[in-house]
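A structural walkthrough
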Amino acid sequence: MQREPDRGLTHVEAGTLTPGGGRSSLERSSLRRLPDRLLKWGLTALAAAILALIVYFFVRLADESSAAFSRFGVFGFTFDDNWDVSKNIYGALPLLVGTLITSVIALVIGVPIAVATALYLNELCPRRARGVLTTLVELLAAVPSVVYGLWGVFFLIPRLKPVEQWLSDTFSFLPFVGGPVAGPSYFIAGLILAIMILPIVSAISREVIATVPVEQKEAALALGATRWEMIRIAILPHARAGITGAAMLGLGRAIGETIAVTLVIGNAPTIGKQLFDQGYSLAAVIANEFGEAAATPIHRSALIAAGLVLFVLTLLINGGARAFVIRGERRRGQA
Amino acid sequence: MSALSFTTSPRRRRTDAVMRGVLLAATLVALVPLVLVIYMLISKGIGAWSWSFFTTDPTGSFLGDPGGIKSAIVGTVAMVLLATVIAVPVGVGVALYLTEFGGGSWFSKAVRYFVDVLTGVPSIVFGLFIYITLVIGHGGFAGWKGSIALALLMLPVVTRSAEVVLLLVPNGLREAALALGAPRWRVVARVVLPTALPGLVTGVLLALARAAGETAPLLFTAVAANATTLNFGGRMNSLPLQIFNDVQQAQDRLVQRAWGAALTLVVMILLTTLIARLASRRSTT
């Protein structure tokens, strides 16, 4: 919600010029106006400092990663399938692929469930259960990443292995499925990410769904639509842009998520042949290798470069997500 | 109703029932991991809890007695509090700029946009940034550097929530105070901020709860230590990092400590969240 600033009274400086141009007797002396000016300029400077900080942020990351980029080339670093710490060769493709695969798995599993949850909570849930269920879904976001990782390692990986093996054998005709199942894998990492993005995707979807005009829903019902048909013809088309934005915000979260993924992806710097193979992700490689990398400048630079790639990726995705959410809001304005 | 059922064919009614069932099932599926996580935390974590678990430091010994998590609890509380002290004035200040002075200018739009950008930055990148700017060549790891990394993480959350709350302060209040001749700084300090206080507290506590669970920003800023310390100039232990390090050990007693620490951390976060909710409830009534 953008506030239309009240261009009336509150934005007039205390003690304005009188129409004649002279000083009103009500006007404060410039000395007494000083605290106001200080406050205004102080806060403006603070806001400007945030902008400066982000620019500085970017410049320093780029500066520190320049060694890796100049050694391997921006393209070579990002898209070479060769991450070999012992030989000091850093091509981040296996990490990029791992990040993208796990995030896509997270979206495929997490978004439909999150949207269904949002629809159920907003449209179908009995009023009395709604508060409790909403709080419970939100609680998923209160569990720290490292705790999901711990749970993944000691519960999800051992318990799901037979299930994964069965999936792998049964669906081996699909591409990227089949063969022996590793314990930690892209799939497990994706599943944990799905759980982690669920609360935010669900929360934003609920906000978007709540903006669908009641008249449209009632009109659908009045025409004889069932509840589901009302959802399908009145809510989903209206909320599509917003839900897309929510999914993209979830994608941004999934891409940047570090600790849980580090614990369950297997940390193998190769491109896995199938869904249930071990892999690596951009964020996980930083978390794992940074400690040892401090001694080797090129290794450190490569990891910071991985951070920069991550940063740029999340910027693009979040920028896109915002555009979608704003488009959704604009539609709401017209409706 | 009878007319409605007359026109709704059995097939459509069936579809409706099935889809309602699917949506309900999806909601229950979403809660399965929560139940499982909480069940595992309690069943494994309670066993690790004991008096000495909370009152001794980790020994760092791999085979012998692993020790407790005292330094981790103290370190997490200390670093998160310092991060709050840093993030709240800046975050609320920026929010005040946006609501009280920024108006709809391009500059305030840019600030709002970049605060949103900060929200999306992965927490490990904040850790990297602090490492580059404050750790290498500047005396190594320290607790206060971890706090700054956490503060960067909290900043956008505090700013956005504060902005929302400040916008809820009725303009009539501001205008009444100005009409009485109060200067703007007084309006802000005596009218706007006190009115918004409960909401601000809620936002801050939620940001604090989020920061308390973060591991990635601390990995190479505050690192870890065994001894309990309140010296922000040296390495500091924290619960998330203690868990992260213990999980990766193939030693049952260390893993058990990880479960105990995880339960402690989750309880602390849930209590903070609960207090935050209570604060906001007070503001609405």
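None of these values were measured; they are calculated from a predicted model.

Next up on the list: the interface of chain A and chain B. Taken together, the contact between chain A and chain B spans 83 residues of the former and 85 residues of the latter. Of the roughly 7600 Å² buried between chain A and chain B, counting both surfaces, carbon and sulfur atoms make up 78%. Applying the counting rule to chain A against chain B returns three salt bridges. Between arginine 12 of chain B and glutamate 229 of chain A there is a salt bridge, with the nearest N and O atoms lying 2.7 Å from each other. On inspection of chain A and its partner chain B, the count reaches eight residue pairs in polar contact (both at pLDDT 80 or more).

A few words on the side chain of glutamate 229 of chain A. For glutamate 229 of chain A, the position within the fold is in helix α8 (residues 227–256). Leaving out residues up to four positions away in the same chain, glutamate 229 of chain A has contacts with Gly224 and Ala234 of chain A together with Arg12 of chain B.

On to helix α8 (residues 171–179) of chain B, then. All names here are of chain B. Every buried residue of α8 is accounted for by Arg174, Ala177 and Leu178. All buried residues of α8 project into a common sector of 100 degrees when viewed along the axis, lining one side. The elements touched by buried residues of α8 are α4 (70–101), α7 (143–168) and α9 (184–212). Looking one or two places after α8, you find glycine 181, whose phi comes out positive at around 95 degrees.

This next bit is on the nonpolar core. One finds Phe77, Trp83, Tyr148 and Ile286 of chain A together with Ile124 and Ile243 of chain B to be the most contacted residues of the largest nonpolar core, which totals 192 residues. If one sorts the elements of this core by residue count, helix α6 (residues 186–210) of chain A sits on top with 16 residues. Viewed by domain, this core spans two of them, domain 1 (2–48) and domain 2 (55–284) of chain B, each represented by three or more residues. Excluding residues within four positions of it along the chain, isoleucine 124 of chain B makes contact with Thr258, Ala283, Ile286, Ala287 and Leu310 of chain A together with Ala216, Leu219 and Phe220 of chain B.

Much of the literature gives interface size as the accessible area that the parts lose upon coming together. Residues and elements named next belong to chain B. The domain architecture assigned to chain B consists of domain 1 (2–48) and domain 2 (55–284). Between domain 1 and domain 2, the C-alpha centre-to-centre distance is 35 Å. Taken together, the eight residues of domain 1 in the interface contact six residues of domain 2. Between domain 1 and domain 2, the buried area comes to about 620 Å², and carbon and sulfur atoms account for 85% of it. Considering only the side of domain 1, the residues that lose the most area to domain 2 are Leu41, Lys44 and Ala48, jointly responsible for 64% of the buried surface there. On inspection of domain 1 and its partner domain 2, the count reaches zero salt bridges. The interface formed by domain 1 and domain 2 holds zero residue pairs in polar contact (both at pLDDT 80 or more) in total. Of the residues that constitute the side of domain 1 that touches domain 2, the class distribution is five nonpolar, two polar and one charged.

Within the structure shown, the criterion is met by 13 salt bridges over all chains. Across the pair aspartate 116 of chain B and arginine 322 of chain A runs a salt bridge, and its minimum N-O distance is 2.2 Å. Of this pair, aspartate 116 of chain B sits in helix α5 (residues 106–120) while arginine 322 of chain A sits in helix α11 (residues 297–334), each in a different chain. The partner of aspartate 16 of chain B in a salt bridge is arginine 20 of chain B, and the shortest N-O contact between them spans 3.2 Å. Residue aspartate 16 of chain B and its partner arginine 20 of chain B are located together in helix α2 (residues 10–48), separated by four residues, close to a single helical turn. For arginine 20 of chain B, a relative accessible area of 38% translates into the label partly exposed. When salt bridges with common partners are traced through the structure, they connect Arg322 of chain A together with Arg112, Asp116, Arg160 and Glu163 of chain B into a single cluster.

Residues and elements named next belong to chain A. Orientation of helix α3 (residues 93–124) relative to helix α4 (residues 127–139), taken along the N-to-C sense of each, is 155 degrees, at an axis distance of 10 Å. One finds that α3 runs roughly antiparallel with respect to α4. Regarding α3 and α4, the two cross each other, and that crossing is left-handed. Along the contact surface, α3 presents Thr117, Tyr120, Leu121 and Asn122, while α4 presents Arg130, Leu133, Thr134 and Val137.

Quick look at the confidence of the model for chain A now. All names here are of chain A. Of the residues in chain A, 89% have a pLDDT of 70 or more, and the chain-wide mean is 85. Considering each helix and strand of chain A separately, the mean pLDDT is smallest for α11, with a value of 81, and largest for α3, with 94. This stretch, residues 1–18, has a pLDDT under 50; its non-local contacts, to residues over four places away or in other chains, come to 31 contacts.

Within chain B, residue pLDDT values average 88, and 96% of them lie at 70 or more. Scored as a complex, the prediction yields pTM 0.88 and ipTM 0.90.

A few words on the environment of alanine 287 of chain A. By the secondary structure assignment, alanine 287 of chain A is in helix α10 (residues 282–293). Take alanine 287 of chain A: its relative accessible area is 8%, and that puts it in the buried class. Between the alpha carbons of alanine 287 of chain A and glycine 152 of chain A there is a distance of 17 Å; along the sequence they are 135 residues apart. Sequence-distant contacts of alanine 287 of chain A, that is, excluding residues within four places in its chain, are made with Thr258 and Thr262 of chain A together with Ile124 and Leu219 of chain B.

On to the packing of aromatic side chains. This model, assessed by the stated rule, comprises 24 aromatic pairs over all chains. On the basis of an interplanar angle of 80 degrees and a centroid distance of 5.9 Å, the ring pair of tryptophan 106 of chain B and phenylalanine 107 of chain B is categorised as edge-to-face. The exposure class of tryptophan 106 of chain B is exposed, given its relative accessible area of 68%. Where tyrosine 113 of chain B meets phenylalanine 114 of chain B, the ring centres are 5.5 Å apart and the plane angle is 85 degrees; that geometry is what we call edge-to-face. A residue is classified by how much of its surface remains accessible, and tyrosine 113 of chain B, at 33% relative accessible area, is partly exposed. Here phenylalanine 114 of chain B falls in the partly exposed class, since its relative accessible area comes to 31%. Of the aromatic side chains, those joined through ring pairs into one cluster are Tyr56, Phe57, Phe58 and Phe311 of chain A together with Phe126 and Phe129 of chain B. The positively charged end of lysine 40 of chain A is found above the aromatic ring belonging to tryptophan 41 of chain A, 5.9 Å away from the centroid.

Right, let's talk about the packing of α4 of chain B against α5 of chain B for a bit. In a pair of packed helices, the angle between the axes and the distance between the axes together describe the arrangement. Residue and element names in this part refer to chain B. Between α4 and α5, whose axes approach to 10 Å, the crossing angle comes to 145 degrees. For the pair α4 and α5, the crossing hand works out as left-handed. Residues Val94, Tyr97 and Leu98 of α4 form the contact with α5, whose own contacting residues are Phe107, Ser108, Val111 and Arg112. Here the contact of α4 with α5 is composed, by residue class, of five nonpolar, one polar and one charged.

Residues and elements named next belong to chain A. Bridge analysis of strand β1 (residues 81–84) against strand β2 (residues 89–92) gives four bridges, and the strand direction is antiparallel. Bridge assignment links aspartate 81 to a residue of β2, and that residue is alanine 92. Here β1 hands over to β2 after four residues, with asparagine 88 in that stretch at a positive phi of 60 degrees.

The rules behind each value
Residues numbered from 1 in each chain as written. Chains lettered and ligands numbered in written order. Predicted model: local features only at pLDDT ≥ 70, side-chain atom pairs only at ≥ 80, totals over all residues. Heavy atoms only, no water. Contact = heavy atoms within 4.5 Å. Buried area = accessible area lost by both parts, 1.4 Å probe. Salt bridge = Lys/Arg side-chain N within 4 Å of Asp/Glu carboxyl O. Polar contact = N/O pair within 3.5 Å; in protein donor to acceptor, adjacent residues only side chain to side chain. Helix = DSSP H or I, 4+ residues; strand = E, 2+ residues; numbered from the N terminus. Buried < 20%, exposed > 50% of the residue type's maximum accessible area, 1.4 Å probe, protein only. Arc of directions from axis to C-beta. Core = buried A, V, L, I, M, F, W, Y, C linked by side-chain atoms within 4.5 Å. Domains from an automatic or database assignment. Nonpolar A, V, L, I, M, F, W, Y, C, P; charged D, E, K, R; others polar. Axes fitted to C-alpha atoms, helices over the stretch in contact; angles between N-to-C directions. Parallel < 35°, antiparallel > 145°, perpendicular 65-115°, else oblique. Left-handed = near helix turned anticlockwise from the far one by under 90°. pLDDT = per-residue confidence, 0-100. Phe/Tyr/Trp six-rings, centres within 6.5 Å; stacked < 30°, edge-to-face > 60°. Lys NZ or Arg CZ within 6 Å of the ring centre and 35° of its normal. Pairing = 2+ DSSP bridges.

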